[in-house]
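Each chain is listed here by its residues.
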Amino acid sequence: MEESAIKFKTASKEQMPLLRQDESEGRIFPYLYYPLLEKTGMVKHCFTTRMGGVSKGIFESLNLSFTRGDERAAVEENFRRVSWALGIEYKNFVFTDQTHTTNVRRVGREDAGKGLIRERGYTDVDGLITDEPGLILSTFYADCVPLYFVDTKHRAIGLSHSGWRGTVGRMGEATLRAMQREFQTEPKDVVCAIGPSICQNCYEISEDVAMEFQKEFPQYINEILLEKGQGKYQLDLWRTNEIVLLEAGIMQEHLSVTNICTCCNEKLLFSHRASQGRRGNLGAFLCIKEV
Ligand SMILES: [Zn+2]
């Protein structure tokens, strides 16, 4: 795809995260990144797009799911391209097992490759934390919200998947708590990003889901929920996750919130809603630089 052709739809003029096109040996690999996370100097990270991979059809082209019907060899090649573009090692990816829990697992050197080149050996893990340099925390998306955490003081990181269940269960806070327990992390030292996911306009929910948010976030209800009538609501997952993180002690100036919607950009990103489930997975990756 031509560079000029890559334009994300956003609500505001600026776009966050930014797009970078890694070019070498004649290959182009576009990915999204946060200047705020890069500025820490401590991590490598990205949020992938649909572009730059080898998968076909509904998986075109950078599908990162092994379980939705794509060819295994194509998905492996897609992971190879992610590792090449970020300058990280293929054998060091560590996967979540995302089931909309608020379970956070500490991973270490012994977990390298789990999910990609060997069996995971764990289930129901929606967040990963580590202080091991080179290990690539790996989470997967098609509308749900990625949360990135970088503790610059204790050199530890976290990466979490937060759909509506994770959001109402305060996954952001659960991840920080786990980092606090394992690495003595204090929220004031943590730089955070909320990644590309479905926007309020595109995200219609039913009344029973709306009620759960009403119960958990009563004082913010006008900011996060829009009533559409006939028992339908629109939920702002970006703002709700921001509230969760700020209430957990993250400083506003340490927080970067996306304005890229997966569903508004279904040609560039995978969206479960926009494709009615016929789609691949995007990936969020975060890794402490090796020195
Ligand atoms: Zn949208």
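The structure under discussion appears in the preceding block.
The shown structure was predicted, so the numbers you read here are calculated from the model rather than taken from an experiment. (Residues numbered from 1 in each chain as written. Predicted model: local features only at pLDDT ≥ 70, side-chain atom pairs only at ≥ 80, totals over all residues. Heavy atoms only, no water.)

(A) Up close: a negative patch on the surface. Taken together, the side chains of Glu-207, Asp-208, Glu-212 and Glu-227 make up a negatively charged region of the molecular surface. Among the elements that line the negative patch, the one with the most residues is helix α5 (residues 207-216), at three residues. Within the secondary structure, Glu-212 is located in helix α5. (Patch = residues over 30% accessible without salt bridge, like charges linked within 9 Å, V, L, I, M, F, W, Y side chains within 5 Å. Areas by Shrake-Rupley, 256 points an atom, 1.4 Å probe, with all protein chains shown as cover. Salt bridge = Lys/Arg side-chain N within 4 Å of Asp/Glu carboxyl O. Lys, Arg positive; Asp, Glu negative; His and termini not counted. Charge placed at Lys NZ, Arg CZ, Asp CG, Glu CD. Helix = DSSP H or I, 4+ residues; strand = E, 2+ residues; numbered from the N terminus.)

(B) Region of interest: the packing of aromatic side chains. Enumeration according to the criterion identifies 15 aromatic pairs in this entry. Seen in terms of ring centroids, Phe-140 and Phe-285 are 6.2 Å apart; in terms of plane orientation they differ by 80 degrees. Their pairing is edge-to-face. Of this pair, Phe-140 sits in strand β7 (residues 136-141) while Phe-285 sits in strand β15 (residues 282-288); the two residues are 145 residues apart in sequence, bridging distant segments of the chain. Assessed through its relative accessible area of 11%, Phe-140 is described here as buried. (Phe/Tyr/Trp six-rings, centres within 6.5 Å; stacked < 30°, edge-to-face > 60°. Buried < 20%, exposed > 50% of the residue type's maximum accessible area, 1.4 Å probe, protein only.)

(C) Seen up close, the pairing of strand β2 (residues 27-33). Across the seven residues of β2, five count as buried, placing the element largely inside the fold. Across seven bridges, strand β1 (residues 18-24) lies against β2 in antiparallel orientation. When the sheet's bridge partners are listed, Leu-19 is paired in β2 with Leu-32. Turn length for the β1-β2 hairpin, with the two strands adjacent in sequence and antiparallel, is two residues, and the turn residue Glu-25 shows positive phi of about 50 degrees. Here β2 runs beside strand β3 (residues 43-48); their pairing, made up of two bridges, is antiparallel. Counted as the bridge partner of Leu-32 is Phe-47 from β3. (Pairing = 2+ DSSP bridges.)

(D) Structural context of the coordination of the zinc ion. In the first shell of the zinc ion, the protein supplies Cys-199 (SG), Cys-202 (SG), Cys-261 (SG) and Cys-264 (SG), at 2.3 to 2.4 Å from the metal. Around the zinc ion sit four donor atoms, and with donor-metal-donor angles ranging over 103 to 117 degrees the site reads as tetrahedral. For the zinc ion, the donor residues sit on a single chain with the sequence spacing C-x2-C-x58-C-x2-C. By relative accessible area, Cys-261 is classed as buried at 2%. (Donors = N, O, S within 2.8 Å, 3.2 Å for Na, K, Ca; no water. Tetrahedral: all angles 85-135°; square planar, octahedral: opposite > 155°, others 65-115°.)

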